[in-house]
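# Commentary on secondary and tertiary structure
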Amino acid sequence: MSHPTTVDPHGPHVGHEAHHEELGFWRKYVFSVDHKVIGIQYGISGLLFLFFGFCLMMLMRWQLAYPGAPLPIIGALFGEARMPGGSMLPEFYNELGAMHGTIMVFMGVVPLAVGGFGNFVLPLQIGAPDMAFPRLNMLSYWAFFLGGVTMLASFFVPGGAAQSGWTSYSPLAIIAGSGQTWWLVGMIFLITSSLLGAINFITTTIQLRAKGLMFMRFPFFVWTQFVTAFLLLLAFPPLEAAGVMQLMDRVAGTSFFLPSGLVVSGQPLQVAGSGNALLWQHLFWFLAHPEVYVLILPAMGIVAEIIANNTRKPLWGYKPMVYSLVFLGFMSFIVWAHHMFMTGMGTAMATFFQTTTMIISIPSVVILTALILSLWGGSIRFNTPMLFALGFLPMFGIGGLTGLPLGLNVSDIPLHDTYYVIAHFHYVVAPGTIFALFAGVYYWFPKATGRMMNETLGKIHFWGSMICMNIVFMPMFIVGMAGVSRRLFDGGATYDFAQPILHWNAVSSWGAWIMALFQLPFIYNFFSSMWNGEKVGDNPWEATTIEWAAPSPPPHGNFSTEPVAHRGPYDYSLPGAKKDFVPQCEA
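Conventions and cut-offs
- Residues numbered from 1 in each chain as written.
- Predicted model: local features only at pLDDT ≥ 70, side-chain atom pairs only at ≥ 80, totals over all residues.
- Heavy atoms only, no water.
- Helix = DSSP H or I, 4+ residues; strand = E, 2+ residues; numbered from the N terminus.
- Rg over C-alpha atoms; globule rule 2.2 N^0.38 Å.
- Buried < 20%, exposed > 50% of the residue type's maximum accessible area, 1.4 Å probe, protein only.
- Contact = heavy atoms within 4.5 Å.
- Areas by Shrake-Rupley, 256 points an atom, 1.4 Å probe, with all protein chains shown as cover.
- Lys, Arg positive; Asp, Glu negative; His and termini not counted.
- Charge placed at Lys NZ, Arg CZ, Asp CG, Glu CD.
- Phe/Tyr/Trp six-rings, centres within 6.5 Å; stacked < 30°, edge-to-face > 60°.
- Lys NZ or Arg CZ within 6 Å of the ring centre and 35° of its normal.
- Axes fitted to C-alpha atoms, helices over the stretch in contact; angles between N-to-C directions.
- Parallel < 35°, antiparallel > 145°, perpendicular 65-115°, else oblique.
- Left-handed = near helix turned anticlockwise from the far one by under 90°.
- Nonpolar A, V, L, I, M, F, W, Y, C, P; charged D, E, K, R; others polar.
- Expected span 1.5 Å × (residues − 1).
- Salt bridge = Lys/Arg side-chain N within 4 Å of Asp/Glu carboxyl O.
- pLDDT = per-residue confidence, 0-100.
- Patch = residues over 30% accessible without salt bridge, like charges linked within 9 Å, V, L, I, M, F, W, Y side chains within 5 Å.
- Core = buried A, V, L, I, M, F, W, Y, C linked by side-chain atoms within 4.5 Å.

On a plain count of helices and strands, the chain comes out with 17 helices and two strands. At 24 Å, the chain has a C-alpha radius of gyration in line with the 25 Å of a compact globule built from 587 residues. In terms of overall dimensions, the chain has C-alpha extents of about 75 × 60 × 50 Å along its principal axes. Of all 587 residues assigned to the chain, the portion counted as buried reaches 57%. Pairs at least 24 residues apart make up 80% of the contacts formed inside the chain by residues separated by at least 6 positions. By element, 71% of the accessible surface of the chain is carried by carbon and sulfur atoms, the whole surface being about 23,600 Å². Taken together, the 23 basic and 26 acidic charged side chains of the chain have centroids lying 8 Å from each other.

Going through the model one piece at a time under the given rule, you end up with 56 aromatic pairs. With centroids separated by 5.8 Å and ring planes inclined at 45°, the aromatic side chains of phenylalanine 286 and phenylalanine 333 adopt a geometry described as tilted. Taken together, the residues phenylalanine 286 in helix α9 (residues 277-311) and phenylalanine 333 in the loop between α10 (318-331) and α11 (347-373) connect sequence positions 47 residues apart. A relative accessible area of 23% places phenylalanine 286 in the partly exposed class. Take phenylalanine 333: its relative accessible area is 15%, and that puts it in the buried class. Within the aromatic cluster, the residues linked to one another by ring pairs are Phe25, Trp26, Tyr29, Phe31, Tyr42, Phe49, Tyr141, Trp142, Phe144 and Phe145. A cation sits over an aromatic face here: lysine 579 above phenylalanine 581, 5.0 Å from the ring centre.

Moving on, we get to the packing of helix α15 (residues 455-481) against helix α16 (residues 503-518). Close contact between α15 and α16 brings their axes to 8 Å; oriented N to C, the two are set at 160°. As judged from the angle between their axes, α15 and α16 are roughly antiparallel. In the packing of α15 onto α16, the handedness of the crossing is left-handed. Contacts between α15 and α16 involve Ile460, His461, Gly464, Ser465, Cys468, Met469, Ile471, Val472, Pro475, Met476, Ile478 and Val479 on the former and, on the latter, Trp504, Asn505, Val507, Ser508, Gly511, Ala512, Ile514, Met515 and Phe518. Here the residues of the contact of α15 with α16 are counted per class, giving 15 nonpolar, six polar and no charged.

Side chains of residues three or four places apart in an α-helix project in the same direction, reflecting 3.6 residues per turn. Taking 1.5 Å per residue, 27 residues should reach 39 Å; α11 reaches 39 Å between its end C-alpha atoms and fits that length. Listed as buried for α11 are Ala350, Phe353, Gln354, Thr356, Thr357, Ile360, Pro363, Ser364, Ile367, Leu368, Ala370 and Leu371. In this structure, the buried side of α11 is in contact with α8 (220-251), α9, α10, α12 (384-403) and α13 (409-415).

Time to look at unusual backbone geometry. A negative phi angle is the norm for most residues apart from glycine, just as the trans form is the norm for most peptide bonds. Residue proline 171 is reached from serine 170 by a cis peptide bond, and omega for that bond is 0°. Along the chain, the position of proline 171 falls in the loop between α5 (134-153) and α6 (172-175). A cis amide bond links serine 552 with the next residue in sequence, proline 553, at an omega value of -5°. Tracing the chain through its elements places proline 553 in the segment after α17 (520-532).

Let us now look at the pattern of salt bridges. A full pass over the atoms with the stated rule returns nine salt bridges. With a shortest N-O distance of 3.4 Å, aspartate 417 and arginine 487 are connected by a salt bridge. Of this pair, aspartate 417 sits in the loop between α13 and α14 (419-449) while arginine 487 sits in the loop between α15 and α16, and the two are 70 residues apart along the sequence. On the basis of relative accessibility, which here comes to 23%, the residue aspartate 417 falls in the partly exposed class. The salt bridge involving aspartate 571 is made with arginine 567; its shortest N-O contact spans 3.3 Å. According to the relative accessible area criterion, aspartate 571 is buried, its value standing at 17%. The structure contains a network of salt bridges with shared partners spanning Arg312, Glu542 and Asp580.

Of all residues in the chain, 96% have pLDDT values of 70 or greater, and the mean over the chain is 93. Low pLDDT, under 50, characterises residues 1-19; the stretch is placed with 23 contacts to residues that sit more than four places away or in other chains.

Along the chain, the position of leucine 231 falls in helix α8. Given the relative accessible area of 2%, leucine 231 is considered buried. C-alpha of leucine 231 to C-alpha of valine 410: the two residues are 179 residues apart in sequence and 29 Å apart in space.

Together, Phe51, Leu517, Leu520, Ile523, Phe527 and Trp531 make up an exposed nonpolar region whose accessible area comes to about 650 Å². For the nonpolar patch, the element with the highest residue contribution is α17, accounting for four residues. What makes phenylalanine 527 partly exposed here is its relative accessible area of 39%.

So, about the nonpolar core. Judged by nonpolar contacts, the single largest core of 181 residues is most densely connected at Met99, Phe117, Phe220, Leu297, Leu371, Phe392 and Leu393. Broken down by element, the residue count for this core peaks at 20 residues, all from α14.

This is the structure we're talking about:
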């Protein structure tokens, strides 16, 4: 009778990099199945998309600051169809708005936070040789890439790109121009990519952990990616189904989201009818509220790693942070309709979603408070990653606190769809999440390349970005509380009530344009440091987590000897220890 045998998943890889066949350029760097290469592909693609989305926003800011004024030089590039005489048409402004939101969220922040940092760092932090499904990992990146290319190609189709906002609300999105079809096809590719990645992250985290790495020995970053993967896996399928249904409404004559009796340009719309436009909102926000936590949770994980490392002490309240994280992930599925108070859902439903929204703020406050308390008594090193991590804390705090009025029915109704909402959301995502992503780039750059980024350029990048971010977004609270709608392509210039606060639009715009200049040191620093940065050892930050036990850059299989976890992730400044850090895999 044969006995079943257990195959060590690390066995064939670890310590045998010399025996694998040498791959050519295409297999090694383009169609790679190595999680590190795929992580770098995601990371650089995400940064490029962020830059492109930022450029779209700068065009919008010109129109808001100087409504109707011709845009010097650049305006002529877009042709008479979009900018006659260099002045922006409302339709083109709507294109920029819809595509800016879509690109920044679905093609910039999520691919960088989850695809980039998740792919590169997570297998290293748990001591795995690679992801559980390497080919699925490659497919995930290329589905994302195809989705991104499809989205960008929509700018060149007749009628231009999508104009129905990043939320693609029905019925407007169903009767809009052809760019909306491209948007939906691109979105289906992007969702598929996230689903494939989520399956891979969950399996890898559970199955390929190093020996001794119990769940409560995970670095906090691993926990954030693990919970994020469940959010992606459970929240994206409803939007993928909705995207296919809306696509069918556009191209196949169905009416899932088209109600009866619609009149378009004075003519009755000939459809079967009986569809429900609110159904799209429910399906969209059932994804898009967990999506907010898909943006912020990896950022919290990055900040936690950097704060522990640069205070030289363990995270304060590690276990409550983990429990809060899991609770936050669960609660994120039952708050979606606080985006829909304007739909007349009734007081009973509004009360339920108000209550759950107030409850979900609690775990976020626990995590933020724990990160702030972790600074107490620390011997803090103010390097560039730490500056960005510290910048994240108050910016995320402002974003979270200003979101509370939007979670309450009575205050959301006057604030809904004003610039107040833009300011709240961007404080969470721009000086919040994107600061954390910059911190992660500076922190793990030496692990990926074996070289450090320049500290002086990094600090110029931080201080310039920190000041300009607040100049961009703080005035939006004032404009929003004055009642200016986010949908107005002239920023409220045609309304008498908005006249006293219009100058704030110009202040925000100049903040954005100056902030663009402060991104140039980062771009130069990032690419020049790959070849000219100071060479460093495997553990330049003297960190404790397992990824720093691998060579820099890590070879095929990641580790020269199979790592074993002997302790928790943050053994800094232990009493009686010879040095102020004890690595997880040190016996």
